[in-house]
Amino acid sequence: MKLHLLIAAQMLLGSATAQTAPDYVLTGGKVFTADVARPYVQALAVRGERIVAVGTTAQIAKLAGPRTRRIDLQGRTVVPGFNDAHSHLPPGGASAHYIAFPKADLLSGPSAAQVMDTLAALVRTLPPGTLLQGEIGLQVLQDPKLRRAQLDQIAPKHPVVLHAPWGHGSVANSEALRLMNISDNDAAPVGGTYGRVENSPRLNGLLNEYGEWAGLRVLNSRLPDSTWVRRLRAYGAESLRLGLTSVQDMAGNLPPDQTIRVVKAAQLPLRHRIIALPMATSRGINHREWASVARQPTALARVEGVKYILDATPLEGGALMRRPYPGRPGWHGQLNFPVDTVRQMLRRALTSSQPLMLHIVGDSSASLVLRLMSQMAPDSAWRRKRVRFEHGDGVAPDLHARAKALGIVVVQNPSHYINPAVDKQHALAPILAASFRSLLESGVAFALGSDGPSNPFLNILFATTLADPKEVLTREQAVRAYTTGSAYAEFQEKDKGTLSVGKLADLAVLSQDIFTVPPPALPGTVSELTMVGGKVVYEAKRGAPLSQAAPRSVKKSNPTASKPKQK
């Protein structure tokens, strides 16, 4: 026992031997550990894949040996690697000509006339068979006069898919439906709907929820693996440049077998948690499609967890709400699945080792699931499961105590709550009030994920500038939610999320101090050096010691460049 204590003391305070010397010492910085007991230190040491010491510059410098790489931070800020708790990979969709409709607010989108005129101009210049995709809003989604028949008149030989930028609702023409393997004789999958011409079995082209996503997945699968590998690698490179070292992927963009092939080929240099998002048929949810895939396709990727989407959003009136929608008497939204199916999902979670994620937006949806959970098992059983509410916008204040008791983890997405003062075009009328700080203060486990623009610094800007000043996070709270909160949300808090002794050395050395720069400057932050498991996987100036690199000037980023998505 005394020998172990002596070795530990030597590591922490004395000169290092060749056997105990760290591989890296980072000194002279502002290291935000995200550990509430010791939030800031000046330096840390890394050996192998883990952090072996944190402390002052003088303490950590003494640990360096002859082979240790010494990194003089020169006052730079260091943070735990960001962990995006909610993303959708691989990024993008089927190769298409993306339609640049006239600029409009995100919610309303272009008018029907603008859509028709733009499509008419494109089909005259683009070869037949070119897939045309564009983003629309409520003006088109809710217009029964702009459906399959009208799109066919304009583009009979061009597949056309128009979809809401928030991921709930699409309109397709006949050629696009054919590519999606959807025909007039098909019954809609459980959890989704196909719109039909009145008094006719013919599809009108409106696809909702699982009816939409299953078709888009087929469309995406027509692209070769090489295209998706290229996109995934580009995502990985950009993530490391932004200090992202972990991503939790709601994997519904491609069929499971293709997802795994692409992940194996891409070999992402960051930690990749692949969460099954099973599609459905008219007979039910297809759980079998993920059953036979490799659970550990690469050294840094693992398949774990399952996600279901229980309702849509309040934007198009699909989230299940306790009060009727304004201007729609008697309409409260709806669940995608019957209540008995939701019970089955919860029952599977109780008996399975796979963690459960539920897309829940409406306050009635949240209340219903909390009530079902309370009826089915004691709070202690659920707390071990850490059921996640993705988005969780409807976890209203009166539900916080119940959510905490059941161990619910709420994963919020700041880009869904853009303050109009920051970005008027993409800000959405808050039908639901943002719950950020109130969830934290009530003790509900809380994490941040993108589900939209992946830049964590842009999302920190959104989370710290919410329209409701009572709900804004401090920057320290936002970073913790993006690191410790996200690690807890995937049962990884013992290994990552803080820069503490024994934790994995996943970290980012930032180009500016994100805790003090003016808010508009936040999105321009980049990582000067990103480390995953004690390995430098990105460095702004390759081959040059960080101590020789002057702090970089940062260009301001336009926060309107990406749009939020809920899925």
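Above this text sits the structure in question.
The shown structure was predicted, so the numbers you read here are calculated from the model rather than taken from an experiment. (Residues numbered from 1 in each chain as written. Predicted model: local features only at pLDDT ≥ 70, side-chain atom pairs only at ≥ 80, totals over all residues. Heavy atoms only, no water.)

Q: Would you mind showing me how to read the nonpolar core here?
A: Across soluble globular proteins, you tend to see nonpolar side chains buried next to one another. By size, the foremost hydrophobic cluster in this structure holds 81 residues, and its most contacted members are Leu310, Leu358, Phe389 and Ile514. Of all hydrophobic cores here, the second largest spans 25 residues; its members include Leu119, Leu132, Ile136 and Leu162. (Core = buried A, V, L, I, M, F, W, Y, C linked by side-chain atoms within 4.5 Å. Buried < 20%, exposed > 50% of the residue type's maximum accessible area, 1.4 Å probe, protein only.)

Q: Honestly, the packing of helix 15 (residues 456-463) against helix 16 (residues 475-489) in this entry has me stumped. Any pointers?
A: How two helices sit against one another is set out by the angle between their axes and by the gap between those axes. One way to put it is that helix 15 packs onto helix 16 with a least axis distance of 9 Å and a crossing angle of 130 degrees. Of the possible angle classes, the one that applies to helix 15 and helix 16 is oblique. The two elements helix 15 and helix 16 cross, and the hand of that crossing is right-handed. Contacts between helix 15 and helix 16 pair Pro456, Asn459 and Ile460 from the former with Ala478, Val479 and Tyr482 from the latter. Of the residues contributing to the contact of helix 15 with helix 16, the split by class is 5 nonpolar, 1 polar and no charged. (Axes fitted to C-alpha atoms, helices over the stretch in contact; angles between N-to-C directions. Helix = DSSP H or I, 4+ residues; strand = E, 2+ residues; numbered from the N terminus. Parallel < 35°, antiparallel > 145°, perpendicular 65-115°, else oblique. Left-handed = near helix turned anticlockwise from the far one by under 90°. Contact = heavy atoms within 4.5 Å. Nonpolar A, V, L, I, M, F, W, Y, C, P; charged D, E, K, R; others polar.)

Q: Looking at this model, I keep getting lost on the pattern of salt bridges. Mind explaining?
A: Where side chains of opposite charge bring their charged atoms close, a pairing between them can arise. If you walk through the whole model with that rule in mind, you get 23 salt bridges. Of the charged contacts, one joins Asp257 and Arg261 as a salt bridge, the two residues approaching to 3.9 Å between their closest N and O atoms. Here Asp257 and its partner Arg261 are both found in helix 9 (residues 256-266), 4 residues apart, which amounts to about one turn of the helix. Among the ionic pairs, Asp398 bridges to Arg322, the shortest N-O distance being 3.0 Å. Here the residue Asp398 occupies a position in the loop between strand 21 (388-391) and helix 13 (400-405), and Arg322 occupies one in the loop between strand 19 (301-309) and helix 10 (339-351), the gap between them amounting to 76 residues. By relative accessible area, which is 53% here, Asp398 ends up exposed. Residue classification places Arg322 among the partly exposed residues on the basis of a relative accessible area of 35%. (Salt bridge = Lys/Arg side-chain N within 4 Å of Asp/Glu carboxyl O.)

Q: Would you mind going over the environment of Val509 with me for this structure?
A: As for its placement among the helices and strands, Val509 is situated in strand 24 (residues 507-510). Linking Val509 and Gly29, residues 480 residues apart in sequence, is a C-alpha distance of 9.2 Å.

Q: Can you walk me through the sheet that holds strand 13 (residues 192-196) in this structure?
A: The pairing of strands in a sheet comes from backbone hydrogen bonds and takes either a parallel or an antiparallel form. Ordered by their spatial adjacency, 6 strands build an open sheet running 9-10-11-12-14-13, and the pairing between neighbours is mixed. At either margin of the open sheet sits one strand with a lone partner, and together these are strand 9 (97-98) and strand 13. Pairing geometry for strand 10 (residues 132-135) and strand 11 (residues 160-163), over 4 bridges, is parallel. Bridged to Leu132 within strand 11 is Val160. Packed on one face of the sheet, helix 7 (residues 210-221) meets strand 10, strand 11, strand 12 (170-172), strand 13 and strand 14 (203-209) and runs near 100 degrees to strand 14. (Pairing = 2+ DSSP bridges.)

Spatial relationships are all this shows, so hold off on functional conclusions.
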